[in-house]
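# Architecture at a glance
Residue strings, one per chain:
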Amino acid sequence: MNDFLLWACVLGPVLLAEGLLARYEVLVYSAGFRAPTTDLPEGVPYARGAAADLPPDAYLVYLDGIGKRRFRDTRDGGQLVRAVLAGAPELRVLGQVQPYSPLADPLADRPVWAWLRHHVGLLLFLHNVMQIFVAADHRYRPLYNRAVGSQIATQLGLAGYRPDSGVPVVLLSYSGGAQVATGAVDELHTRLRCPLMVITLGGFHNGANDLTHAEHVHRLTSAYDRIERVGTWIFPQRWRLFHRSGWNRARRAGKITVHRLEPATHLGPRSYISPEERLPDGRSHLDRTTDTVITLIRARHGATTR
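Residues numbered from 1 in each chain as written. Predicted model: local features only at pLDDT ≥ 70, side-chain atom pairs only at ≥ 80, totals over all residues. Heavy atoms only, no water.

## Some details on the pattern of salt bridges
Pairing of side chains with opposite charge becomes possible as their charged atoms draw close. As enumerated under the stated definition, the model contains eight salt bridges in all. The partner of Arg249 in a salt bridge is Asp210, and the shortest N-O contact between them spans 3.4 Å. One end of the pair, Arg249, is in helix 8 (residues 246-252); the other, Asp210, is in the loop between strand 5 (196-201) and strand 6 (216-221), and 39 residues separate them in sequence. A relative accessible area of 36% places Arg249 in the partly exposed class. What makes Asp210 partly exposed here is its relative accessible area of 27%. Taking the shortest distance from any N to any O, the salt bridge between Glu228 and Arg219 comes out at 2.9 Å. What makes Arg219 buried here is its relative accessible area of 18%. In this structure, a network of salt bridges that share partners links the residues Asp281, Arg283 and Asp291. (Salt bridge = Lys/Arg side-chain N within 4 Å of Asp/Glu carboxyl O. Helix = DSSP H or I, 4+ residues; strand = E, 2+ residues; numbered from the N terminus. Buried < 20%, exposed > 50% of the residue type's maximum accessible area, 1.4 Å probe, protein only.)

## With respect to the sheet that holds strand 2 (residues 58-63)
Spatial strand order, 1-3-2-4-5-6-7: seven strands in an open sheet with mixed pairing. Two strands bound the open sheet, and with one partner strand each, they are strand 1 (48-49) and strand 7 (256-260). In the sheet, strand 5 pairs with strand 6 via five bridges, with the strands oriented parallel. When the sheet's bridge partners are listed, Val198 is paired in strand 6 with Val217. Set on the sheet, helix 6 (residues 177-192) makes contact with strand 2, strand 4 (169-174) and strand 5; between it and strand 4 the angle comes to about 160°. (Pairing = 2+ DSSP bridges. Contact = heavy atoms within 4.5 Å. Axes fitted to C-alpha atoms, helices over the stretch in contact; angles between N-to-C directions.)

## Regarding the nonpolar core
Ranked by internal contacts, the top residues of the largest apolar core, which has 39 residues, are Val61, Ile152, Leu156, Val169, Leu171 and Leu188. For this core, the elements supplying multiple residues, two or more each, are strand 2, helix 4 (122-136), helix 5 (141-158), strand 4, helix 6, strand 5 and helix 8. Among the elements that make up this core, the one with the highest residue count is helix 6 (six residues). Sequence-distant contacts of Leu188, defined by excluding residues within four places in its chain, comprise Gly149, Ile152, Ala153, Leu156, Leu171, Arg193, Cys194 and Leu196. Ranked by size, the runner-up nonpolar core spans 26 residues in total, among them Val84, Val93, Leu172 and Ile273. (Core = buried A, V, L, I, M, F, W, Y, C linked by side-chain atoms within 4.5 Å.)

## Overview of the packing of aromatic side chains
Here a ring pair, both rings aromatic, is described through the centre-centre distance and the interplanar angle of the planes. Summed over the entire model, instances satisfying the criterion amount to three aromatic pairs. Taking the centre distance of 5.2 Å and the plane angle of 75° together, the rings of Tyr59 and Tyr161 count as edge-to-face. Taken together, the residues span a long stretch of sequence, with Tyr59 in strand 2 and Tyr161 in the loop between helix 5 and strand 4 at a distance of 102 residues. On the basis of relative accessibility, which here comes to 2%, the residue Tyr161 falls in the buried class. Ring geometry for Phe204 versus Phe235: centroids 5.6 Å apart, planes at 70°, classification edge-to-face. (Phe/Tyr/Trp six-rings, centres within 6.5 Å; stacked < 30°, edge-to-face > 60°.)

## Describing the confidence of the model for the protein chain
With 74% of its residues at a pLDDT of 70 or more, the protein chain shows a mean pLDDT of 82. Here residues 1-12 is modelled with pLDDT under 50, and outside its nearest four sequence neighbours on either side it reaches two contacts, counting other chains as well. (pLDDT = per-residue confidence, 0-100.)

## Observations concerning the pairing of strand 4
Among the six residues of strand 4, six are classified as buried, and the element is accordingly described as predominantly covered. Burial along strand 4 is two-sided: the face carrying Val169, Leu171 and Ser173 and the face carrying Val170, Leu172 and Tyr174 are both buried. With five bridges joining them, strand 2 and strand 4 adopt parallel strand pairing. Residue Tyr62 lies in a different strand from strand 4, and its bridge partner there is Leu172. When strand 4 meets strand 5, the two strands line up parallel, connected through six bridges. Residue pairing across strands places Val169 opposite Leu196, the latter belonging to strand 5.

## Notes on helix 7 (residues 226-234)
Turn by turn, an α-helix covers 3.6 residues, leaving residues three or four places apart pointing in a common direction. Buried within helix 7 are the following residues: Glu228, Gly231 and Thr232. Looking down the long axis of helix 7, one finds its buried residues gathered within 95° of arc, a one-sided arrangement. Of the exposed residues in helix 7, those oriented more than 90 degrees away from the buried face are Arg226 and Trp233. Packing partners of the buried residues in helix 7 comprise strand 6. With a side-chain oxygen positioned 3.2 Å from the backbone nitrogen of Ile227, the residue opening helix 7 is Asp225. (Arc of directions from axis to C-beta. Polar contact = N/O pair within 3.5 Å; in protein donor to acceptor, adjacent residues only side chain to side chain.)

Below, the structure is given as structure tokens:
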């Protein structure tokens, strides 16, 4: 009991502070006090893959999980991005979007957080977790969706995307990135008027965002993914009972297809992105996830293997 009280006394103020900080960014953005960051560090390209001089078969924007805290890829996200680039050179891939910062300001580059990263690394993850719940909160969701949707549209423009070009945009999201991906659909449709496909990998999201302007949503999941399952429990809009939620309207419209990736887990050595764990056919979990993503993109948009 004493240990519980000690943890409650320590974590309570921390979570309260994180909640306030998470709201601060979206309010600063909505008030226009700060413009989102658009420049990338030296050596970080606006996109990788297909050359910019000709339209690629599709632009793929990767929205990482809560470990994302800098412009460069996380370890696991980087493995997935590299595998997609190797398997589908006809795509232009963006991995620099900051899904947990409405101001596109990498957490690890802020002086205070840089110190915390070396001393209390858990706080970096708590910050991004709280951002997911802010993005899901009905009071802040429209502002958050507009902020990150605008960030994605801007980065796509800098990577060579032209509105009304008809080139498809694929939002590939892992874990909490699904909350941002589903929320960015309306803003991207408004600004770019582009064909949109959403692919969620172990997606943790509240199901409230309107998916009318998404051509299709592919849900890559596994019965062994406990974290995604928690999301389907705690957010009522994911329950079939709430038939007017964005997720359930999309389901009834036939826009959501589920792809099973058993026995993958959300995290750890058997995760969706694990390069070590092997399937009976000899592929790693990373290989299978990559193959599934590329197959879905090529099947929908008619891309040919090169």
